[in-house]
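Tertiary structure, described
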Amino acid sequence: MTMKIYLNGRLVPENQAKVSVFDHGLLYGDGVFEGIRAYHGRVFKLDEHLDRLSRSARAIDLKLPMTPAALAQAVIKTCRANDIQDGYIRLIVTRGIGNLGLNPYTCRTPQVIIIAGAIQLYPQKLYETGLSVITVGTLRNHTEAINPRIKSLNYLNNILAKIEAMNAGCMECIMLNPQGFVAEASGDNIFAVRGTTLLTPPSWCGALEGITRQTVMELAPEQNLQVREQVLTRYDLYTADEVFLTGTAAEIIAVVKADHRTIGRGRPGPVTRRLERVYRAYAQSAGTPLA
Ligand code: PXG
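First, a word on scope: everything that follows refers to the structure included in this document. (Residues numbered from 1 in each chain as written. Predicted model: local features only at pLDDT ≥ 70, side-chain atom pairs only at ≥ 80, totals over all residues. Heavy atoms only, no water.)

1. Describing the overall build of the protein chain
Note the following rule: The helix count covers DSSP runs of H or I at least four residues long, the strand count covers runs of E at least two residues long, and both are numbered beginning at the N terminus. For the radius of gyration, the atoms used are the C-alpha atoms, and the globule rule reads 2.2 Å times the number of residues raised to 0.38. In this scheme, a residue with accessible area under 20% of its type's maximum is buried, one over 50% is exposed, and one in between is partly exposed, where area comes from a 1.4 Å probe on protein chains only. Note on contacts: a residue pair qualifies if any of its non-hydrogen atoms lie within 4.5 Å across the two residues. All accessible areas in this document rest on Shrake-Rupley with a 1.4 Å probe, and a residue is counted as covered only by the protein chains that are shown. Neither His nor the chain ends contribute to the count of charged residues, in which Lys and Arg are positive and Asp and Glu negative. Where a charge sits is defined by one atom per residue type, namely NZ (Lys), CZ (Arg), CG (Asp) or CD (Glu).
Counting its regular elements, the protein chain contains eight helices and 16 strands. At 19 Å, the protein chain has a C-alpha radius of gyration in line with the 19 Å of a compact globule built from 291 residues. With the C-alpha coordinates aligned to their principal axes, the bounding extent of the protein chain is approximately 55 × 45 × 30 Å. Going through the 291 residues of the protein chain one by one, you find that 52% of them count as buried. Considering only intrachain contacts with a sequence separation of at least 6, the fraction spanning at least 24 residues in the protein chain is 70%. Surface summary for the protein chain: the accessible area is close to 13,800 Å², and the carbon and sulfur share equals 53%. One way to put it: in the protein chain the 32 positive side-chain charges average out to a point 2 Å from where the 26 negative ones average out.

This is how it looks when you write it as structure tokens:
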């Protein structure tokens, strides 16, 4: 079946969904995006994703050409047009067409693109065994270079980190910030479990304010778990009872090895497994209905 892509107010067949070679999204990675999940005919945390998109756009001085309400309607319309019940939605706003110079103000009209399709998941086996990760040499962007709170189209920082991880035989990595504190993984947030406390780096340490991270922080108290945003070093990961990653695609996944060291007992721990279950149940029962 041909996918229908939302492009500036119109749904077009995928082979006609094209952007200009002069779009600054392509020329400079100048733009913002969101990766959103649909579960059982509902869009999960749509308003939270749209809020973050608005903040990302503000942060790069990009004026969104549509209101959040109109963007929400466009997301829903695109899911419906593609018969999406469970899937992955990529919402992209590029700076638009300009000339070859950097100047973003030569770009008149931001381009809004929405792709709703199938989701690429980690194999189930990895949830059962847990991930091995390594700390990479590529540091997370300095907050005063490109703030990692911005979900921008410029993902080279994360891609360079991912390359190091893949070449070392790992699917994910730990990225440190320029001060040497733990920031996040290349495409996921990170938590350490110490007793009944969940520790995660504050966003100012170089982490994206993940929607999954936020959801875990909200679900934790009901599970008698405390959450603290805290500056973490690798010491905190190596000595943790459990470590896990959170993200829209991965949901919650255990980390059982970091830098060839075994974390906890070397298999997904009880807190991580419980949160995985609780998160999945919640995600499958909440959200903006598509019908
Ligand atoms: N940190 C980074 C750097 C991310 O890119 C997360 C954390 C987790 O945030 P959410 O809101 O998803 O809980 C992300 C987001 C993909 C894909 O297509 C996923 C992300 C980024 C880029 C691509 O799977 N994760």
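Having seen it, we continue.
2. Thoughts on the packing of helix H6 (residues 211-219) against helix H8 (residues 270-283)
To characterise two packed helices, one gives the angle between the axes of the helices and the distance between these axes. For clarity, the cut-off: Think of each axis as a best-fit line through the C-alpha atoms, taken over the contacting stretch in the case of a helix, with angles from 0 to 180 degrees between the N-to-C directions. With respect to orientation, any angle under 35 degrees is reported as roughly parallel, any angle over 145 as roughly antiparallel, any angle of 65 to 115 as roughly perpendicular, and every other angle as oblique. In this count, Pro and Cys sit with the nonpolar residues alongside Ala, Val, Leu, Ile, Met, Phe, Trp and Tyr, while Asp, Glu, Lys and Arg are called charged and the others, Gly among them, polar.
Between H6 and H8, the shortest axis-to-axis distance is 11 Å and the interhelical angle comes to 105 degrees. One way to sum up the angle between H6 and H8 is to call them roughly perpendicular. Seen from H6, the contacting residues are Thr-212, Thr-215, Val-216 and Leu-219; seen from H8, they are Leu-275, Val-278, Tyr-279 and Tyr-282. When its residues are assigned to classes, the contact of H6 with H8 shows six nonpolar, two polar and no charged.

3. Details of the packing of aromatic side chains
Counted only if it meets this: Aromatic contacts are taken between Phe, Tyr and Trp rings whose centres are within 6.5 Å, Trp giving its six-membered ring; a plane angle under 30 degrees counts as stacked, one over 60 as edge-to-face, and the others as tilted. Charge over a ring is defined by NZ of Lys or CZ of Arg lying within 6 Å of the ring centre and within 35 degrees of the ring normal.
For the structure on display, the rule yields five aromatic pairs. Ring centres of Tyr-39 and Phe-44 lie 5.8 Å apart, and the angle between their planes is 90 degrees; on these two criteria the pair is classed as edge-to-face. Residue Tyr-39 shares its accessibility class with Phe-44, and that shared class is buried. Their ring planes at 10 degrees and their centres at 4.9 Å tell us that Phe-191 and Phe-244 sit as a pair that is stacked. A residue pair is termed long-range when its members are at least 10 positions apart, and Phe-191 in strand S10 (residues 189-194) and Phe-244 in strand S13 (residues 242-247) qualify at 53 residues. Using a relative accessible area of 0% as the deciding quantity, one classes Phe-191 as buried. By way of ring pairs, the aromatic residues Tyr-39, Phe-44, Tyr-279 and Tyr-282 are connected into one cluster. Just above the ring of Tyr-238 sits the side chain of Arg-261; from NZ or CZ to the centre is 4.2 Å.

4. Digging into the nonpolar core
Our working definition: Nonpolar core, defined: a set of buried Ala, Val, Leu, Ile, Met, Phe, Trp, Tyr and Cys residues in which side-chain atoms within 4.5 Å join the residues together.
Core analysis: the biggest nonpolar cluster contains 26 residues, and Leu-71, Ile-89 and Leu-91 have the highest contact counts within it. The contact partners of Ile-89, leaving out residues within four places of it in the chain, are Glu-34, Gly-35, Ile-36, Ala-38, Val-43, Val-75, Cys-79, Ile-114, Ile-115 and Ala-116. Grouped together as the second largest cluster of nonpolar side chains are 22 residues, Tyr-122, Leu-131, Leu-232 and Ala-258 included.

5. Description of H6
Counting buried positions along H6 gives seven out of nine residues, so the element sits mostly inside the fold. Along H6, the residues classified as buried are Ile-211, Thr-212, Arg-213, Thr-215, Val-216, Met-217 and Leu-219.

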